[in-house]
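# Structural overview for review
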Amino acid sequence: MMFDRVYRQRLEADLARWESDDVITPAAVAAIRVALPPFAPGINIAVVVAIVGGLLIAAAFLAFVAAHWTEITRLPRLAMLFAGILSAHGLGAWFARAGHPVLADLCAAVGAIVFGAAIALVGQMYHLGGDFAGGMLLWAVGALATATLTGSRGALAVALAAASIWSWMRVLETDVPHFAFVALWLLAGALALAWNSRVAAHLVAVAALPWWMASAFQAPLDFRPSFILANGAALLFGGGIALAASPWPRAARAGSVLSTYGAFSLAGVAILEATLANEVFRTRAAAGLANQPLWTISCGVAGVILAFAAIATTRRAGTAFAAGAIGLVLAAVALWTPPQSGEPWVSYAALLCAMLCLVVSGMLDAARPRIVAGWLGIAGVIAAITWAVKGSLLNRSIFLAAAGGFAVVLALVLNRFVPRSRE
Amino acid sequence: MMAMSVASLAERLARIPKIVLFGAAALVQLALLTLMIIDRAQILRDGAEVTLQTRPVDPRDFLRGDYVVLGYDITQLPAGSLQNEPSGERNPPVYVKLAPNRDGVYEALSVHAGPVAVASPEVLIRGRLAYGASCGPKRDTFCEKLTVRYNLESYFVPEGEGRKLEDVRNQGKLSVVAAVLPSGRAAIKRLLIDGKPVYEEPWF
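Residues numbered from 1 in each chain as written. Chains lettered and ligands numbered in written order. Predicted model: local features only at pLDDT ≥ 70, side-chain atom pairs only at ≥ 80, totals over all residues. Heavy atoms only, no water.

### So, the overall build of chain A
Secondary structure summary: chain A contains 16 helices and zero strands in total. Residues counted as buried form 43% of the 423 residues belonging to chain A. Within chain A, counting contacts between residues at least 6 apart in sequence, those at least 24 apart form 69% of the total. About 21,100 Å² of surface is accessible on chain A, with carbon and sulfur atoms providing 73% of the total. (Helix = DSSP H or I, 4+ residues; strand = E, 2+ residues; numbered from the N terminus. Buried < 20%, exposed > 50% of the residue type's maximum accessible area, 1.4 Å probe, protein only. Contact = heavy atoms within 4.5 Å. Areas by Shrake-Rupley, 256 points an atom, 1.4 Å probe, with all protein chains shown as cover.)

In structure tokens form, the structure reads like this:
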């Protein structure tokens, strides 16, 4: 919505300029304005003030209840919690009926938050504080049910946040990944598709990141976090571009969002892998590739397969470069394991090439976030190579000079043979 | 196929009046909260009564907010035959066989990785290991000593009363009557000071 407004402002400025430069006729300007769809109803200042007022009243109610909580007997307390949930949803229904979808969404989200608070307070009243993670799961299930029924993006955000905390707590209890979260995440993904909502797709994509981080950093000591994260990023990015290549428009839109997070994850992993070459961070004496978990390797392989499926569908060079970036990052983390002596020149080179592929892929597919991710990755990897404590500074300067020279030669060749776009 | 079913589901939901959908969302949440309460009430109603002796716990964990942390004589146990057996996870569930002593207070007889048969007046209580499942070279076997949590460790009290209970507990005068279902799940039923009830938990 915000971007729609920015686009309209820019279009209006362009139309005025083109009209004054006689590029288009006034009739064409009028026709373009008529052809534009009407603005979606947004949040005006009155609504913002109303939201602030509502939040203040809710805070005052909570403070009042907290001040008198111990004086209230158990059943009236329970009745107050139930009334809080019913009020939030009742207000939501009223706003939805009155044609205020944003406020209805907000009320459903507040209802989901009150539900979470109610779980904590019921746990306190009935001495059920033993399984905090179980309480989080209950909260996530209730909030997801609310999101499904009311279409509230806010309730979906609450559900994913609660589910992430639940997953993090369960990961602390065991050495194996918490796959139960994946089932809940897929349900949230199905909701994002059913709603055809970009906001929901962003929420679902963001929720994948803490799960992968938890899986990587809570794993047994002979597993490498950067290896696990690289395979996760490969699956996110590969899955994203495969979905984006889907003929179903809803899936394609969700896929483009997922691929953005996948591209940034891939860049983050490249920087992490180059940084972990630094002896300062060699805290985990990692074992070789053969000792890495099979499920992780399967995810990486699946990411590559999905990327190739996307190439087969789109037959676009940009997608091929994206697949190349995935393959090179996976190759870099597979080729080099920290206990090795010497410096990981091949891995450094693979990581730099991967980030270059990411930038080129973004340029060819006109995917700006992918370009940004690629440039950030290049900057981060170069910084990590330059400031690594390991080995000699002279060797690193030779490597960087050789890589720079290769890039300049490549640029000259491309400049000679690739037709340049008109300035 | 899946694309069509997701889209048709979204369309069907969109046709239902909003008031019904919001009402259903509220009902789902209220039902889940009610289930929490009924589940506990069922343990209190059907569970066998077991008196457990509390013991002092680490002073740093005494009181957080308005609840008392309760440690029991059955919290720390020798692993017995479980020692060096594979634990499977960091906090595995365990089953502790309890039997009453001459004073009627229940004491631990043995610890098991799964449910075992018990004969009256013995009771089997289910707990989860807090510590003691990470021994051996691969840190995946049961240790010699186990620390078990039974979901009976928190008791919320009115503000200001925690300190009094804490003092009584440290003098060894506080005991807890827990209700334990045949499945091993337990809930606090009443608190006793010198054998006399001071807090009785209503079902609701």
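Next comes the rest of the write-up.
### Some details on the confidence of the model for chain B
Detailed conclusions should not be drawn from predicted coordinates in areas where pLDDT is low. On average, chain B scores 83 in pLDDT, and the residues at 70 or more come to 89%. Across residues 59-65 of chain B the pLDDT falls below 50, and counting only partners more than four positions away or on other chains, this stretch makes twelve contacts in the model. (pLDDT = per-residue confidence, 0-100.)

### A word on the interface of chain B and chain A
In this assembly, 35 residues from chain B lie in contact with 47 residues from chain A. Both faces considered, chain B and chain A share a buried interface measuring about 3,700 Å² in area, 71% of it formed by carbon and sulfur atoms. When the buried area of chain B at its contact with chain A is split by residue, Phe 22, Gln 29 and Arg 90 of chain B rank highest and sum to 20% of it. Across the chain B-chain A interface, the total number found is one salt bridge. (Buried area = accessible area lost by both parts, 1.4 Å probe. Salt bridge = Lys/Arg side-chain N within 4 Å of Asp/Glu carboxyl O.)

### So, the sheet that holds strand S1 (residues 48-55) of chain B
Residues and elements named next belong to chain B. A sheet is described by the order of its strands in space; here five strands give the open sequence S4-S1-S11-S12-S13, paired in antiparallel fashion. A strand with exactly one partner marks an edge of an open sheet, and here the two such strands are strand S4 (71-72) and strand S13 (196-200). Inspection of the sheet shows S1 paired to S4 by two bridges, in the antiparallel sense. Of the residues in S4, the one forming a bridge with Arg 55 is Gly 71. Along the sheet face, helix H2 (residues 18-46) touches S1, strand S11 (174-180) and strand S12 (186-193) and points at about 60 degrees away from the line of S12. (Pairing = 2+ DSSP bridges. Axes fitted to C-alpha atoms, helices over the stretch in contact; angles between N-to-C directions.)

### A few points about the pairing of strand S8 (residues 123-131) of chain B
All names here are of chain B. Examined bridge by bridge, strand S6 (residues 93-100) and S8 share six bridges and lie antiparallel to one another. Bridge pairing links Lys 97 to Leu 124 in S8. Pairing geometry for S8 and strand S9 (residues 145-149), over three bridges, is antiparallel. Residue pairing for S9: Arg 128 is matched across the bridge by Arg 149.

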